[in-house]
Amino acid sequence: MTTAPVTVRVPAKVNAQLAVGPLRADGFHDLANVFLAVGLYDEVTATPADALRITVSGPDADQVPLDSGNLAARAAEALAARHGRRADVHLHIAKDIPVAGGMAGGSADAAGALLACDTLWGTGATRDELLDICAELGSDVPFSLVGGAALGRGRGELLEPLTVGGTFHWVFAVADGGLSTPAVYRECDRLRQAAAVTVPAPEASPALLAALRTGDAAALAAAVGNDLQAAALSLRPCLADTLRTGTEAGALAALVSGSGPTCAFLAEDADAAARIGKALTASGTCRTARATTAPAPGATVVAPPTRR
Ligand code: C5P
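Please read all numbers here as calculations on a predicted model, not as lab measurements. Counting from 1, residues in each chain are numbered in the order their sequence is written. Local features are withheld for residues below a pLDDT of 70 in this predicted model, meaning they are given only at 70 or higher, and side-chain atom pairs are given and counted only at 80 or more; totals for whole chains, interfaces and linings count all residues.

Colleague: Any chance you could explain the site of the ligand here in plain terms?
Modeller: Surrounding the ligand, one finds G27, F28, H29, L31, G138, S139, D140, R155, G156, T181, P182 and Y185. Secondary structure counts use DSSP, requiring at least four H or I residues in a row for a helix and at least two E residues in a row for a strand, with both numbered from the N terminus. Within the residue set of the shell around the ligand, elements represented by two or more residues are β2 (29–48) and α5 (181–195). Per-element accounting of the shell around the ligand gives the leading share, three residues, to α5. Domain extents, as shown, originate in an automatic or database domain assignment. A domain split of the shell around the ligand shows at least three residues from each of domain 1 (6–162) and domain 2 (168–294). Whether a residue is near a molecule or strand depends on its C-beta atom, generated from backbone atoms, being within 6 Å of that molecule or strand.

Here it is in structure tokens:
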């Protein structure tokens, strides 16, 4: 137990591959989800308080729910309930990950809050217990805790760490406004039904896993894929312009990140990433573009906070 504030830095993710199986009876889809943590971070600071309170800073702060829909609040409550204590904590989220952008920003905040509260309260939860709570909170939350690169099976929560043999350069085109993840999955099911396709069990691409292992950006570009992309484009057709702009600026691959609407571009190196970012910003097809690298570490206690 400590009374000093605890700050946890936690990364965004991109899905190098998102293979989506048929709709399950529980409303989820089985996935083969190749997660890569990328160097865009939120910071969650936990401070002792009389009652659970959430504050958010950053350019998109007004879009983050402050009620029980906030995954960070639910993370604190879940940990407190398991350890028979009150969730009397002030959580401050310094937000840099796009909100509802398909980059697991809400999941990052949940994983960050969990680790911050565990450290603040001296709960001493095991890694497995934290991962259990993460899986209860959402399909992407376990990956936000562990970071790096991993294959997510089940609904994405069953993780197998992956070896990455180099640094990959990515550019993210952040859109105005978010997309609802359930709505994108529903649209994916609707499009599949309309096309009367038989959906196979999702499998990770061996070529993609090999490209990650060897750090080969061109090979990775040839193997990336996102089964939610058609649905995201159907709900937000203008994303096609964003994807085309990045491709014309020299991206090795262009794809929607997760359920979107953020678009992700794989670049040859840092110079190419900067050029692609500039072209995207100048094109007016996105709100802003961010260049960064992957893989990035998972949720990490940092002191003192680097942002307020
Ligand atoms: O697990 P999470 O709360 O992030 O999921 C949000 C929604 O996304 C689910 O309610 C479901 O509609 C959809 N989803 C899905 N299959 C998955 C993960 C999420 O259908 N594997």
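Moving on from the coordinates now.
Colleague: Explain the UniProt feature "active site" (unreviewed entry) in the protein chain here, please?
Modeller: Per the UniProt record, "active site" (unreviewed entry) is annotated on K13 and D140. Despite a sequence span of 128 residues, these residues sit close together in the fold, their greatest C-alpha distance being 9.1 Å. Ignoring anything within four residues of it in the chain, the contact list for K13 reads F35, L36, A37, V38, M103, A104, D140 and F143. Neighbour density around each residue's C-beta defines its exposure: 20 or more other C-beta atoms within 10 Å make it buried, 12 or fewer make it exposed, and counts between make it partly exposed, where C-beta atoms are placed from the backbone. Owing to 27 C-beta atoms within 10 Å, D140 belongs among the buried residues under this scheme. A pair of residues counts as a contact when their C-beta atoms, built from backbone coordinates, are within 7 Å of each other. Look past the residues within four positions of D140 in its chain and what remains in contact with it is K13, A104, S107 and G156. UniProt positions are given in the numbering used here, feature names are shortened, and annotations may be inferred rather than shown by experiment.

Colleague: Help me understand the domain arrangement of the protein chain, please; the structure alone is not making it clear to me.
Modeller: A common way to express how large an interface is: the accessible area buried when the components associate. One can read the domain layout of the protein chain as domain 1 (6–162) and domain 2 (168–294). Looking at the side of domain 1 that touches domain 2, the elements that each hand over two or more residues are β1 (6–23), β2 and β5 (149–153). Residues were grouped as follows: Ala, Val, Leu, Ile, Met, Phe, Trp, Tyr, Cys and Pro as nonpolar; Asp, Glu, Lys and Arg as charged; and all remaining residues, including Gly, as polar. Per-class residue counts for the side of domain 1 that touches domain 2 are 21 nonpolar, seven polar and one charged.

Colleague: Looking at this model, I keep getting lost on unusual backbone geometry. Mind explaining?
Modeller: Across the chain, the bulk of peptide bonds are trans and the bulk of non-glycine residues have phi less than zero. Of note, the amide linkage connecting G260 to P261 takes the cis form, showing an omega dihedral of 5°. Within the secondary structure layout, P261 lies in the loop between β9 (253–256) and β10 (263–267). Note the cis peptide between A294 and P295, where omega equals 0°. With respect to the element layout, P295 can be found in the loop between β11 (288–294) and β12 (300–302).

Colleague: What exactly am I supposed to notice about α5 here?
Modeller: Residues spaced three or four apart along an α-helix point in a common direction, a consequence of the helix completing one turn every 3.6 residues. Multiply 1.5 Å by the residue count of a helix minus one, and that product is the helix's expected span. Taking 1.5 Å of rise per residue, 15 residues should cover 21 Å, and α5 covers 21 Å from first to last C-alpha, within 8% of that figure. If you follow the buried residues of α5, they end up packed against β1 and α8 (229–235).

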